[in-house]
Each structure stands twice: as structure tokens, then as C-alpha cells.
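Each chain is listed here by its residues.
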Amino acid sequence: MSKNLDLPLVDLSSTDRAAAARSIRQACMEYGFFYLINHGIEDTVFQKVFEESKKFFSLPLDEKMKRERNEAHRGYTPMYAETLDPSSKFKGDLKESFYIGPEEGSNLQNNNQWPSEESLPCWRITMESYYEKVLTVGKRLISLIALALNLDDQFFEKIGAFHSPMSFLRLIHYPGELAASDNGNFGASAHSDYGMVTLLVTDGVPGLQICREKDKHPQLWEDVRHVDGAFIVNVGDMLERWTNCLFRSTLHRVLTVGQERYSVAFFCDPHYDCVVECLESCCSETSPPRFPPIRCGDYLVERIRTSYGSK
């Protein structure tokens, strides 16, 4: 079963940063999701990114496979190549994706897989420009998240978390027409994100749902509505770990709705060597740290290997 959900709106341009931080804290504790508005990225930028994304996914499969995802987790993954829910009975999720990582500063190889300029002349410059714009938004958001955690707003910058971060951009295409064998399958099966925070934009086609209480049966799935021009932001497992489970990394999925659907996710993750350990503001004698310290890169690579390994 499912019901409609009204997530909180957070205004990134608000002059009352304390109030914005309080909104984020409440949203991250209650939902693990919120909308981010007035972030400074124009609608025309989103439109261009979706236009170029559609051009790539419209190419013949053999052309797309020339940019198949490599060991550095960059490039194209075809339909059924990924299964986000390991308990799924289907051969893979109903989506195809394209991953773009940082060009500099990552411990992973700097080998993004760009389509040829002959076939898609504006593709690389569009994606690189968008990557930088969203990274800037992400850093502004992270400073508010620090305030929401009763920390200095520059806390994550001061510990070097976002000096050469491991952030990734992921373009996603969900098909409209489905085979009979896909009946009951998901565009993206139930999962939580691995990293710190995700900033998502969609083309407005519905399908995204969240489940706030994953251990309840039956599970209650709530529909996340589209808000023009807003990012849908969600907490990842790493931030849940960092906050000693104060902020929740919420289970979510994408339904197949009989329409083509495009989305663009930006995974805003720290520097590879940044140490993720329980924040002082999130633990006490009665609530001691639940997890040992771990390097960001080690944590993400292990999660990708174990949860994404065969995708």
C-alpha cells in the first residue's frame, strides 16, 4: 500500500540559516528526505542536462556499450545490470544508467567514459558544468547540515571532507514499455543510498517512493511528488553512521508507471581519506558510538563491492 507524502521544503537562499538548519534536522530525523529550493541552478540548466541525457540513452545499445562501466565505477550500465535489492526475484532492475566521477583528486582512477564528440558534441561540457554547479550546491547544503548537527557551519570543510570529494553524477533512464516477464519488477528496487547525501532531479514522471519504517510489515510506501525546480535530497548510509543514527537513511524505490522516466542523481560524498566517526554532538554516555571509525573511501568501496558488486 502507498499514500501521498508532503516532504519539508528547505530554502537554501534563506537569510535565517538557523531556521533552515532546524528544518533540515527535523526532516532528516523524521523522513530522511526533503526538498531543496532556491539553490541557484536555473531551470534551463536542468533542461539541457535532460536533453543531453536523452540523446545518449537513445543511441543504439552497441554504441552505449562502448562506454560500459569500468572498475572505477564510471560509464554505462545497461538494463538489468543492477539489482539494488538483493532479495529481488528478477534478473535486474528496469533501468539503464551512466556514471560520471571526479576528474581530479580521487583515489580511484580518473577515467570518465565520455561519448564521442562527433556523436554528442555538447555532452561532456554539459555534464562537467552541471557536476560543478551541483557540487557547489552540495557544499552549501553540507554547511547547513553541520549547523543542523549543532556543529560549526564549516565543520566538514575544516576536517577536509570536501577537499577533492568523491562525488558522483548518475544519469538514469527508466523505459516506458515493459515485457510481460517484467510485470511486478521495479525501475529501482528497494534500497538506501551508501554515501553522505544525494541530490536528485527528475523529469516530473512519478514513481519515487519511500518507506520510513523498513522493519514494519506490511511496509508502508509513500509517494514522493515532483516539485518543479527543486532537488529531492536524501540522507545516505554514511551520514546515518556519522550521526550515530540520529539522521535516517531511508529505504526508497522507483515504480514502473508505463512512462519513460529520466532522473539525475548527484551523490555528494567526502574525500577518500576523510575519517567517518561518530560526531561528538551525536553521542553521549547513554548513546555511545554504534560504529567504529572508517575512511570514507574504504567504506564506499566496500559497500559498492558487496551491494553493487555484480551490477
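Going by the structure above, here's the rest.
This is a predicted model, so every value here is computed, not measured.

Colleague: Account for unusual backbone geometry, with residues named and values stated.
Modeller: The linkage connecting His217 with the following residue, Pro218, adopts the cis geometry, with an omega of 0°. Tracing the backbone through its elements, the reader meets Pro218 in the loop between strand E9 (208-211) and strand E10 (221-224). At His73, a position not held by glycine, the phi torsion is positive, near 65°. As for its position among the elements, His73 is in the loop between helix H3 (61-64) and strand E4 (75-77). Its relative accessible area of 12% is what places His73 among the buried residues. Positive phi outside glycine occurs at Tyr80, with the angle close to 70°.

Colleague: Kindly report on the nonpolar core, identifying the contributing residues and their values.
Modeller: One finds Leu36, Tyr130, Phe156, Leu199 and Phe231 to be the most contacted residues of the largest nonpolar core, which totals 68 residues. Here this core takes 13 residues from helix H4 (residues 123-148), the largest share from any one element. Dropping the residues within four chain positions of it, Phe156 is found in contact with Ile142, Ala146, Leu149, Ala161, Phe162, Met196, Trp242 and Leu279. Counting residues in hydrophobic clusters, the runner-up holds 20 residues, among them Tyr31, Tyr35, Leu84 and Leu208.

Colleague: Residues and numbers for empty space enclosed by the protein, please.
Modeller: Space left empty within the atom packing is revealed by a probe, the size of a water molecule, rolled over the atoms. Summed over all chains, the structure comprises three cavities of 30 Å³ or more. For the largest cavity, the calculated volume is near 60 Å³. Taken together, Thr202, Gly204, Val205, Pro206, Gly207, Leu208, Val224, Arg225, His226, Ile232 and Arg261 form the lining of the largest cavity. Each residue belonging to the lining of the largest cavity can be placed in one class, and the counts come to five nonpolar, four polar and two charged.

Colleague: Tell me what's going on with the pairing of strand E5 (residues 96-100), and back it up with residues and numbers.
Modeller: Burial analysis of E5 places five of its five residues in the buried class, which makes it a mostly covered element. Neither face of E5 is open: one carries Glu96, Phe98 and Ile100, the other Ser97 and Tyr99, and all of them are buried. Pairing between E5 and strand E6 (residues 168-174): five bridges, direction antiparallel. Bridge pairing in E6 links Phe98 to Leu171.

Rules and cut-offs
- Residues numbered from 1 in each chain as written.
- Predicted model: local features only at pLDDT ≥ 70, side-chain atom pairs only at ≥ 80, totals over all residues.
- Heavy atoms only, no water.
- Helix = DSSP H or I, 4+ residues; strand = E, 2+ residues; numbered from the N terminus.
- Buried < 20%, exposed > 50% of the residue type's maximum accessible area, 1.4 Å probe, protein only.
- Core = buried A, V, L, I, M, F, W, Y, C linked by side-chain atoms within 4.5 Å.
- Contact = heavy atoms within 4.5 Å.
- 1 Å grid on protein atoms, 1.4 Å probe; cavity = no way out; pocket = protein on both sides within 12 Å on 5 of 7 lines; lining within 4 Å.
- Points joined across faces, edges and corners; volume = space filled by probe spheres on them.
- Nonpolar A, V, L, I, M, F, W, Y, C, P; charged D, E, K, R; others polar.
- Pairing = 2+ DSSP bridges.

Honestly, that's just the spatial picture; any functional story needs more than this.
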